[in-house]
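Topology and contacts: notes
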Amino acid sequence: MAAIIGRKVGMTQIFAEDGQRVPLTVIEAGPCPVVQVKTEERDGYSAVQLGFGASKAKHINKPEQGHLQKSGSPLMRHLHEFSMDDLGPGAEEIAEGQVVTVSSFVPGSYVKVTGTSKGKGYAGTIKRHNFASGPKSHGSHNVRRPGSIGAAAYPARVFKGQRMSGHMGARQVTQRGLQVVDRDPERNILLVKGAVPGAVGSIVFVRPD
């Protein structure tokens, strides 16, 4: 099984044997107990629910506490489901009560990491969609404006889906093709090559790619 919940710690770097700098993202991943195993017969779909982040009882409501106690898992702040397709071979042998650690990941393999991107607030079209700016001289009034967004007489409206200004960031993003460089089961650390979505301290979900 190679899917786990983690927390983005930050970025660092190492130098390869040929002297090339390799940027790394440090992820504190697991240990994640298996809270629930969902099946087609009982739940209508197949998935595995993992928990992450020890928590106190005052931070978890009573229904969630009962759900965790039913499986014998400790109180966990974060719960997330992974489909059987994301878990790879051997997913059928997973049982409630097992604990997933970074030992499930093999250095050299590739994973995809899902997280919530950094929120940038309200942004214009240049920052949000990389629009080009207008002329900046001779009395131009169109320096950072988006330009025309529709026709006049027909259809006499603006089509939905136009790239315009608005809230930027703070959305779910999945970065694929990240290589696992190393792991440290004793400290629950996973090192992947490249950057992953989200701010430092945010929750990420790691799955095989």
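These numbers come from a predicted model, not from an experiment. (Residues numbered from 1 in each chain as written. Predicted model: local features only at pLDDT ≥ 70, side-chain atom pairs only at ≥ 80, totals over all residues. Heavy atoms only, no water.)

A word on the overall build of the protein. In terms of helices and strands, the protein carries four helices and twelve strands. Taking 17 Å as the expected radius of gyration for a compact globule of 209 residues, we find that the protein reaches 23 Å, considerably beyond that expectation. Seen through its principal axes, the protein has C-alpha atoms that stretch 70 × 50 × 35 Å. Burial status across the protein gives 36% buried among its 209 residues. In the protein, the proportion of contacts linking residues at least 24 apart, taken out of those at least 6 apart, comes to 70%. Only carbon and sulfur atoms are counted for the fraction: they give 50% of the accessible area of the protein, which is about 12800 Å². (Helix = DSSP H or I, 4+ residues; strand = E, 2+ residues; numbered from the N terminus. Rg over C-alpha atoms; globule rule 2.2 N^0.38 Å. Buried < 20%, exposed > 50% of the residue type's maximum accessible area, 1.4 Å probe, protein only. Contact = heavy atoms within 4.5 Å. Areas by Shrake-Rupley, 256 points an atom, 1.4 Å probe, with all protein chains shown as cover.)

Position of S73 relative to the elements: it lies in the loop between α2 (62-70) and β5 (76-83). Reaching out from S73, the side chain makes a polar contact with the side chain of S71 at a distance of 3.0 Å. Not counting chain neighbours up to four residues away, the residues in contact with S73 comprise P33, V34, V35 and L68. (Polar contact = N/O pair within 3.5 Å; in protein donor to acceptor, adjacent residues only side chain to side chain.)

On to the pairing of strand β4 (residues 47-54). Here β4 lies mainly inside the structure; seven of its eight residues are buried. Strand direction decides the pairing type here: β4 and β5, joined by seven bridges, are antiparallel. By the bridge assignment for β5, G51 is matched with L79. (Pairing = 2+ DSSP bridges.)

Per the counting criterion, the structure on display carries five salt bridges. Two residues, E28 and R7, come together in a salt bridge whose shortest N-O distance is 4.0 Å. Linking E28 in strand β2 (residues 21-29) with R7 in strand β1 (residues 4-15), this pair joins segments that are 21 residues apart in sequence. Exposure remark for R7: the relative accessible area of 26% places this residue in the partly exposed category. A salt bridge links E81 to K38, with the nearest nitrogen and oxygen atoms 2.7 Å apart. Of this pair, E81 sits in strand β5 while K38 sits in strand β3 (residues 32-38), placing them 43 residues apart in sequence. Since its relative accessible area comes to 29%, E81 is described here as partly exposed. (Salt bridge = Lys/Arg side-chain N within 4 Å of Asp/Glu carboxyl O.)

What holds strands together in a sheet is hydrogen bonding between their backbones, with the strands either parallel or antiparallel. Overall, antiparallel pairing links the six strands, which are arranged β1-β2-β11-β10-β7-β12 in a closed barrel. When the angles between neighbouring strand axes are averaged without regard to direction, this sheet yields 45°. Pairing geometry for β1 and strand β12 (residues 203-208), over four bridges, is antiparallel. By the bridge assignment for β12, G6 is matched with V204. (Axes fitted to C-alpha atoms, helices over the stretch in contact; angles between N-to-C directions.)

With that settled, consider the packing of aromatic side chains. Enumeration according to the criterion identifies one aromatic pair in this entry. Consider the rings of F82 and F205, whose centres lie 6.4 Å apart with planes at 75°: the pair is edge-to-face. Here F205 lies in strand β12 and F82 lies in strand β5, a separation of 123 residues in the sequence. This pair shows no difference in class: F82 is buried, exactly as F205 is. (Phe/Tyr/Trp six-rings, centres within 6.5 Å; stacked < 30°, edge-to-face > 60°.)

One open sheet accounts for four strands, arranged β5-β4-β3-β6; its pairing is antiparallel. In the strand order of this sheet, the two ends are held by β5 and β6 (99-100), each with one partner. Taken together, the two bridges between β3 and β6 define a ladder with antiparallel strand orientation. Of the residues in β6, the one forming a bridge with C32 is V100.

Before going further, it helps to examine the side chain of D184. Within the secondary structure, D184 is located in strand β10 (residues 172-184). In terms of polar contacts, D184 uses its side chain to reach the side chain of R187, at 2.8 Å. Setting aside anything within four residues of it in sequence, one finds D184 in contact with V102 and I189.

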